[in-house]
Amino acid sequence: MTLGIGTGSTAQYAIEAIGRRVREERLIVRGVPTSERSRELALENGIPLVEAHELDAVDLTIDGADEVDPSLDLIKGGGGALVREKIVAAMSRRMVVICDGSKPCAVLGAFPLPVAVMPFGWEVTRRRVEAVLGPAHLRMRSPGALEPFVTDDGLFVLDVRAGAIPNPAETEEEVKRITGVAEVGLFVGLATSALVGRDGGHVEELLPRRAAVPSA
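Residues numbered from 1 in each chain as written. Predicted model: local features only at pLDDT ≥ 70, side-chain atom pairs only at ≥ 80, totals over all residues. Heavy atoms only, no water.

Q: Please clarify how the sheet that holds strand β10 (residues 181-184) should be interpreted in this entry.
A: Each strand in a sheet pairs with another by means of backbone hydrogen bonds, the pair being arranged parallel or else antiparallel. With respect to topology, 4 strands assemble into an open sheet ordered β8-β9-β7-β10, the strand pairing being antiparallel. For this open sheet the edge positions go to β8 (136-138) and β10, each flanked by a neighbour on one side alone. Across the sheet, the axes of successive neighbouring strands diverge by a mean angle of 30 degrees, strand direction being ignored. Note: β8 against strand β9 (residues 156-160), 3 bridges, orientation antiparallel. Residue pairing for β9: Ala136 is matched across the bridge by Val160. Against the sheet, helix α3 (residues 82-91) makes contact with β7 (113-117) and β10, and its axis sits at roughly 65 degrees relative to β10, the strand it touches most. (Pairing = 2+ DSSP bridges. Helix = DSSP H or I, 4+ residues; strand = E, 2+ residues; numbered from the N terminus. Axes fitted to C-alpha atoms, helices over the stretch in contact; angles between N-to-C directions. Contact = heavy atoms within 4.5 Å.)

Q: So what exactly am I meant to see when it comes to helix α4 (residues 122-132) here?
A: Because an α-helix completes one turn every 3.6 residues, residues spaced three or four positions apart along the sequence face the same direction. Taken residue by residue, α4 has Trp122, Thr125 and Val129 as its buried positions. Projection of α4 onto a plane perpendicular to its axis shows the buried side chains occupying an angular sector of 60 degrees, all on one side. Within α4, the exposed residues directed more than 90 degrees away from the buried face are Arg127 and Ala131. On its buried face, α4 is in contact with β7, β8, β9 and β10. Looking at the residues trailing α4, positive phi occurs at Gly134, about 130 degrees. (Buried < 20%, exposed > 50% of the residue type's maximum accessible area, 1.4 Å probe, protein only. Arc of directions from axis to C-beta.)

Q: Hey, could you run me through the state of the cysteines in this one?
A: Counted under the stated rule, the structure contains 0 disulfides. Cys105 takes part in no disulfide bond, and the closest cysteine sulfur, belonging to Cys99, lies 9.9 Å away. (Disulfide = S-S within 2.5 Å.)

Q: Would you take a moment to explain helix α2 (residues 36-44) for this structure?
A: For α2, the full list of buried residues reads Ser38, Arg39, Leu41 and Ala42. Down the axis of α2, the buried side of the element spans an arc of 165 degrees, and every buried residue falls inside it. When the buried face of α2 is taken as reference, the exposed residues oriented beyond 90 degrees from it are Leu43 and Glu44. Once α2 ends, the next one or two residues include Gly46, with phi positive near 80 degrees.

Q: Would you mind showing me how to read the pairing of strand β6 (residues 92-100) here?
A: The side chains of a regular strand alternate between the sheet's two faces. Note that strand β3 (residues 58-63) and β6 share 5 bridges and pair parallel. Paired with Ile62 across the strands is Val96, a residue of β6. Relative to strand β12 (residues 193-197), β6 is paired through 5 bridges, and the arrangement is parallel. Looking across to β12, one finds that Cys99 is bridged to Val196.

Q: Would you explain the pattern of salt bridges in this entry?
A: Two side chains of opposite charge can pair, provided their charged atoms sit close to one another. This model, assessed by the stated rule, comprises 15 salt bridges. Between Glu40 and Arg37 there is a salt bridge, and its shortest N-O distance comes to 3.4 Å. Of this pair, Glu40 and Arg37 both sit in helix α2, separated by 3 residues, roughly a single helical turn. A relative accessible area of 41% means that Glu40 is categorised as partly exposed. For Arg37, a relative accessible area of 44% translates into the label partly exposed. Between Arg198 and Glu204 there is a salt bridge; the shortest N-O distance is 2.8 Å. Judged by relative accessible area, which is 32%, Arg198 ranks as partly exposed. The network of salt bridges with common partners includes Glu36, Arg39, Glu51, Arg84 and Asp153. (Salt bridge = Lys/Arg side-chain N within 4 Å of Asp/Glu carboxyl O.)

Q: Help me understand the pairing of β3, please; the structure alone is not making it clear to me.
A: The element β3 is largely enclosed, with a buried count of 5 among its 6 residues. Note: strand β1 (residues 2-5) against β3, 3 bridges, orientation parallel. Looking at β3, one finds that Gly4 is bridged to Thr61.

In structure tokens form, the structure reads like this:
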């Protein structure tokens, strides 16, 4: 089975759990990492890896999210890996989101929306993004740092205070039309389920809640 290996603090738990099953149960899987950090963690945990360009599809991706709405549309990119994460998610037959109880929400937008942009002319791109979404701030390498955060793909990240995003698909399309934008951290229609850790160790499974189609 080919697994998309997510990025971030929650995805790290999945990587460690898969690694234990590979070692203890001889689970036969191979992973497609979505960041250099996830690549390192997977190798440390004994998970064989394969490159995305060698595949036509991924069987299952397991990844975290910054926000999850009732349709299982997501905001992702808090860890800065949104481009690779979306490429792998789009290749996947299934995508399972793992998160804690703070991530589900009625409407996306309380978490700043990550937008990956080309470094060249990023100030121009930021102004155009702000005209569509609202205030955008260049993510820095660390709090108080003078150097911008740079993704594994050599991109800058704008964190945008967009407010409520009632139609993620329209917002994603509008932002991606802006020249200089490489990717936006809205994952629309990609997640097939979400596993939400609740207090006391209970895990709740969420499935997409799509709008009903009016009858003729």
